[in-house]
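# Architecture at a glance
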Amino acid sequence: MDKEIILITGSSGQLGTVLAEKLQKKYGVENIIATDLRENPTFNGVFDTLDVTDFEAIEATVLKYKITQIYHLAAILSANGEKHPLSTWDINMKTLFNVLEVSRIHKISKVFFPSSIAVFGNNIERSNTPQSSNLTPSTVYGISKAAGENWGKYYFDKYDLDVRSLRYPGVIGYQSLPGGGTTDYAVDIFHKAVKNEDFECFLSSETMLPMIYMDDAIRATLELMEAPKEKITVRTSYNISGLSFTPNQLASSIKEKYSSLKINYKPDFRQEIASSWPMSIDDTQARKDWDWKPKFNIKTLTETMLKNLELKYNNNLINS
Ligand code: VAH
């Protein structure tokens, strides 16, 4: 196998933080080029600031490091995106076009584009949502992801650019914090529990959403990216599922250890977004094509989150 040199955009985000470390272990620290809009003084490894809306800047990075693969994680998420719809569209699409174009021009071997269950909107089967559902997203973020999936397929069909993609559910991990999404509550609640603080939930207690534990999300990403090209039959984006739960079910699971945790339900504008999303996802195609299988359930997810956050807070590694 030729040496891979991998560029990650948005590497300081929730997924990027963990993915960068996993990729470093796999390909060698010096072969992972982590980038983000702002400096990341705590990052261990090669890091450059990069504004992916600037084509020349990303092209210079690709040439400087002789990049062979790109994981394009930089994007504005669902809830934040609704505050500035037009600039969210501009940023999410401009960055994707720059990544696709630089990849086409400089013959990048593989591109990863994260999509989301936010591509689904009303008019879907909300339970076990099929891979091939109609996409009528309710947020600008979802619209940009649905369009992005199709652009990825277009570059594959037209230019044989090997773009691969997953529709992530809400991702839950202890290593990093999500920023501006609708599923963020499911990370925040763990921090509050461990700090013995009350939790105010911006979704109603019975809002069921698809979620995935970070380890599973990262493993799915690597398994997809490593699968032989001929196994990839979906060139828009694969449904993947982890587990599904409501805030109430998650709270009960946490309360098995933190029985005094108090939750106040105060749904805000994010409730409407969540109500337009699936409750659970049919990922048969991913299972069939590249043997996808999640490992974490609500019990193991809760135990792992609590154990690791207790360690972090006790060692003062988190200041929030
Ligand atoms: C968001 N976490 O809430 C993201 C995700 C499933 C949703 O893409 O916006």
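Just so it is clear, the model here is predicted, and its values are computed rather than measured.

So, how was this worked out
Within every chain, residues take consecutive numbers counted from 1 along the sequence as written. Local features in a predicted model are, by the rule used here, given only for residues with pLDDT of at least 70; side-chain atom pairs are given and counted only at 80 or more, and totals for whole chains, interfaces and linings are based on all residues. Heavy atoms from the whole structure form the basis of all side-chain values; hydrogens and water molecules are not counted. When at least one non-hydrogen atom of a residue lies within 4 Å of a molecule or strand, that residue is treated as near it. What qualifies as a polar contact is a pair of N or O atoms within 3.5 Å, subject to a donor-acceptor requirement within protein and to the restriction that residues adjacent in sequence count only when both atoms come from side chains. Residue burial considers only the protein chains on display, and all accessible areas are found by Shrake-Rupley using a 1.4 Å probe. Under the grouping applied here, Gly and all other residues not named as nonpolar or charged are polar, the nonpolar ones being Ala, Val, Leu, Ile, Met, Phe, Trp, Tyr, Cys and Pro and the charged ones Asp, Glu, Lys and Arg. Only DSSP runs of H or I covering at least 4 residues are called helices, and only runs of E covering at least 2 are called strands; the numbering of each starts at the N terminus. Here, residues are in contact when the closest pair of their heavy atoms is within 4.5 Å. Domain delimitation in this document rests on an assignment produced automatically or drawn from a domain database. Values labelled buried area give the accessible surface lost by two parts on being combined, using a 1.4 Å probe and summing over both. Here a salt bridge means any side-chain nitrogen of Lys or Arg lying within 4 Å of a carboxyl oxygen belonging to Asp or Glu. Think of each axis as a best-fit line through the C-alpha atoms, taken over the contacting stretch in the case of a helix, with angles from 0 to 180 degrees between the N-to-C directions. Reported orientations rely on four angle classes, namely roughly parallel under 35 degrees, roughly antiparallel over 145, roughly perpendicular from 65 to 115, and oblique for the rest. Handedness of a crossing is defined here by the sense of rotation of the near helix relative to the far one, left-handed for an anticlockwise turn of less than a right angle and right-handed for a clockwise turn. Should DSSP find at least two bridges between two strands, the strands are taken to pair. Accessible area is worked out with a 1.4 Å probe on protein chains only. A residue is then buried under 20% of its type maximum, exposed over 50%, and partly exposed in between. Positive charges are assigned to Lys and Arg, negative charges to Asp and Glu, while His and the chain termini are left out of the count.

## Comments concerning the site of the ligand
Taken together, the residues surrounding the ligand are Leu77, Ser78, Ser116, Ile117, Tyr141, Tyr168, Pro169, Gly170, Gly181, Thr182, Thr183 and Trp277. Within the contact set of the ligand, an oxygen atom lies 2.7 Å away from a side-chain nitrogen or oxygen of Tyr141. In this structure, an oxygen atom belonging to the ligand sits 2.6 Å away from a main-chain N or O atom of Thr182. Protein chains shield 94% of the accessible area of the ligand, which is 280 Å² for the free molecule. Residues that form the shell around the ligand fall into these classes: 6 nonpolar, 6 polar and no charged.

## Side note on the environment of Ser204
Of note, Ser204 is situated in the loop between strand E8 (199-201) and strand E9 (209-213). As for Ser204 and Lys266, which are separated by 62 residues in sequence, their C-alpha atoms are 6.9 Å apart. Here Ser204 is in contact with Pro247, Tyr265, Pro267 and Gln271, once residues within four sequence places are set aside.

## Topic: the domain arrangement of the chain
Annotation of the chain at the domain level lists domain 1 (6-171 + 212-239) and domain 2 (172-209 + 243-280 + 297-319). Computed from C-alpha coordinates alone, the two centres of domain 1 and domain 2 are separated by 25 Å. With 27 residues of domain 1 at the interface, the matching set in domain 2 holds 27 residues. Buried area between domain 1 and domain 2, both sides added, is near 2200 Å², and the carbon and sulfur share of it is 57%. Broken down residue by residue, the surface that domain 1 buries against domain 2 is led by Gln14, Arg126 and Tyr213, which jointly contribute 31%. Taken together, the links from domain 1 to domain 2 amount to 0 salt bridges.

## A closer look at the packing of helix H2 (residues 55-65) against helix H4 (residues 85-105)
At a minimum axis distance of 10 Å, the contact between H2 and H4 shows a crossing angle of 45 degrees. Relative to H4, the element H2 is oriented oblique. Pair H2 / H4 crosses with right-handed handedness. Along its contact with H2, which presents Phe55, Ile58, Glu59 and Val62, the element H4 presents Asn98, Val99, Glu101, Val102 and Ile105. Each residue belonging to the contact of H2 with H4 can be placed in one class, and the counts come to 6 nonpolar, 1 polar and 2 charged.

## Some remarks on the sheet that holds strand E10 (residues 238-239)
Sheet strands line up and pair through hydrogen bonds in the backbone, either parallel or antiparallel. Taken in spatial order, the 7 strands make up an open sheet running E3-E2-E1-E4-E5-E6-E10, and their pairing is parallel. Both edges of this open sheet fall to strand E3 (46-49) and E10, since each of them pairs with a single strand only. Sheet topology places strand E5 (residues 110-116) next to strand E6 (residues 163-168); 6 bridges connect them, and they run parallel. Across the sheet, residue Pro114 finds its bridge partner in E6, namely Leu166. On the sheet, helix H5 (residues 140-159) packs against E5 and E6 and is oriented at approximately 150 degrees with respect to E5. Along the sheet face, helix H7 (residues 214-226) touches strand E4 (69-72), E5, E6 and E10 and points at about 155 degrees away from the line of E6.

## Let's talk about the sheet that holds E9
Pairing is mixed in the open sheet, where 3 strands are placed in the order E7-E9-E11. In this open sheet, the two strands that pair with only one neighbour each are strand E7 (170-172) and strand E11 (243-245). Neighbouring strand axes in the sheet, compared pairwise and without regard to direction, differ in orientation by 45 degrees on average. By the bridge criterion, 3 bridges tie E7 to E9 in an arrangement that is parallel. From the neighbouring strand, Ile172 faces E9, where its bridge partner is Tyr213. H7 contacts E7 and E9 of the sheet and is inclined by roughly 80 degrees relative to E9.

## What to know about the side chain of Glu4
Within the secondary structure, Glu4 sits in the segment before strand E1 (6-9). For the buried residue Glu4, which engages in no salt bridge, the nearest side chain bearing the opposite charge is Lys110, 6.0 Å off. A polar contact of 2.6 Å, which involves the side chain of Glu4, links it to the side chain of Thr68. A polar side-chain atom of Glu4 sits 3.3 Å from a polar atom in the side chain of Gln69. Once you skip the residues sitting within four places of it in the chain, Glu4 turns out to touch Tyr27, Asn31, Thr68, Gln69 and Ser109.

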